[in-house]
Amino acid sequence: MTTSTDEIAPGLFDPMRIVVARTAAGMSQTELGLKAGVNPASVTKLEKGQAGLDVLHKVVSALGLTLNDVLPEAYRQEPARLYTPEETAERLGNAWSPTTLRRKAGAQEISHTKLGKEIRFSDRDIAEIIQAFRRPALTHAQRAHRRRSRKTTAKAP
């Protein structure tokens with residue numbers, strides 16, 4: 001069994017999440033210590049927020065949790081959401097069709113993520129697509145020129 005001398009800075013993990021998980025599993029601090037391979041006194045210290053990272057990692061693993069599960073909300077990393085081409089088209093305001101998104105991704109023209117043969121788009125991919133293809137706003141003179149050009153084109157036989 002191990003103990004740790006390197007304490008984790010206060011606030012970097014939520015000890016109550018460990019207490020809740022342990023009691024939900026029906027284990028005492030001693031039982032959890034034995035299962036995790038740490039001194040039961042280390043479990044007590046951990047539940048008070050005073051143990052080392054190695055103890056935290058072993059106890060969290062023994063409870064079937066991840067370190068992300070015991071981090072305070074501000075530090076949690078949510079898994080990246082990946083969108084289908086249909087969902088991405090919707091998020092882009094249907095500026096491009098799902099077929100266009102697939103074609104441009106296949107040609108490596110836009111940022112995307114491949115899952116096997118499937119093409120998906122993360123929030124970051126979508127932001128890069130928007131940034132890369134954002135058109136600058138037209139000036140008043142440019143809009144007037146376009147209107148004149150359309151009128152003359154429409155009149156031509």
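For the structure given in this document, a descriptive report is provided here. Every chain is numbered on its own, with residues counted from 1 as its sequence reads. Thresholds applied to this predicted model are a pLDDT of at least 70 for local features of residues and 80 or more for the giving and counting of side-chain atom pairs; totals over whole chains, interfaces and linings are not thresholded and use all residues. For side-chain calculations, the full set of non-hydrogen atoms in the structure is used, while hydrogens and water are omitted.

This next bit is on a positive patch on the surface. Residues forming no salt bridge and having over 30% relative accessible area are the ones grouped into patches, like charges within 9 Å of each other and nonpolar side chains (Val, Leu, Ile, Met, Phe, Trp, Tyr) within 5 Å. Residue exposure ignores everything except the shown protein chains as possible cover, and the areas themselves are Shrake-Rupley values with a 1.4 Å probe. Here a salt bridge means any side-chain nitrogen of Lys or Arg lying within 4 Å of a carboxyl oxygen belonging to Asp or Glu. Within this scheme the basic residues Lys and Arg register as positive and the acidic residues Asp and Glu register as negative, but His and the chain ends are omitted. The atom standing in for a charge is NZ when the residue is Lys, CZ when it is Arg, CG when it is Asp and CD when it is Glu. On the surface, a cluster of positive charge is contributed by Arg143, Arg146, Arg147, Arg148 and Arg150. By definition, any uninterrupted DSSP run of H or I lasting at least four residues is a helix, any uninterrupted run of E lasting at least two residues is a strand, and each is numbered from the N terminus. Take Arg150: it is sitting in helix α9 (residues 140-155).

Attention now moves to helix α4 (residues 53-62). When we look at burial in α4, the residues that qualify are Val55, Leu56, Val59, Val60 and Ala62. Seen from one end, α4 has its buried residues packed into an arc of 160°, which puts them on one side. Residue contacts are defined here by distance: any two heavy atoms, one from each residue, within 4.5 Å place the two residues in contact. If you follow the buried residues of α4, they end up packed against α1 (15-24), α2 (29-36), α3 (40-47) and α5 (67-70). Directly after α4, the chain includes Gly64, whose backbone phi takes a positive value near 75°. Relative accessible area decides the class of each residue, using a 1.4 Å probe on protein chains only: under 20% of the type maximum gives buried, over 50% gives exposed, and in between gives partly exposed. Working note: the arc is built from the helix axis to C-beta atom directions.

Let us now look at the sheet that holds strand β1 (residues 82-83). Read from one edge to the other, the open sheet built from three strands follows the order β1-β3-β2, with strand pairing classed as antiparallel. For this open sheet the edge positions go to β1 and β2 (113-115), each flanked by a neighbour on one side alone. Two strands pair if DSSP finds at least two bridges between them. As paired elements, β1 and strand β3 (residues 118-122) share two bridges and run antiparallel to each other. Across the sheet, the residue bridging to Leu82 is Ser122, located in β3.

Only rings of Phe, Tyr and Trp enter the pairing, Trp through its six-membered ring, and a pair is recorded when the two centres are within 6.5 Å. The plane angle decides the type: under 30 degrees is stacked, over 60 is edge-to-face, the rest tilted. One pass over the full model with this rule turns up zero aromatic pairs. Cation placement over rings: the criterion is NZ of Lys or CZ of Arg within 6 Å of the ring centroid and within 35° of the ring normal. The ring of Trp96 carries the charged tip of Lys104 above its face, separated from the ring centre by 5.1 Å.

To define axes, lines are fitted to C-alpha atoms, for helices over the stretch in contact only, and angles between the resulting N-to-C directions are given on a 0 to 180 degree scale. Two elements in contact, α2 and α4, have axes separated by 9 Å at closest approach and are oriented at 100°. In terms of axis orientation, α2 runs roughly perpendicular to α4. Of the residues in α4, those touching α2 at Leu32, Lys35 and Ala36 are Lys58, Val59 and Ala62. Just so you know how the angles are binned, under 35 degrees is roughly parallel, over 145 roughly antiparallel, 65 to 115 roughly perpendicular, and the rest oblique.

Another aspect to go through is the nonpolar core. Put simply, buried Ala, Val, Leu, Ile, Met, Phe, Trp, Tyr and Cys residues joined by side-chain atoms within 4.5 Å make one nonpolar core. Ile18, Leu32, Leu46, Leu56, Val59 and Leu63 are the most contacted members of the largest nonpolar core, which totals 17 residues. Of all the secondary-structure elements, those providing two or more residues to this core are α1, α2, α3 and α4. Those residues in contact with Leu32 that lie beyond four places of it in its chain are Arg22, Met27, Val43, Val59, Ala62 and Leu63.

Read these as geometric descriptors, not functional statements.
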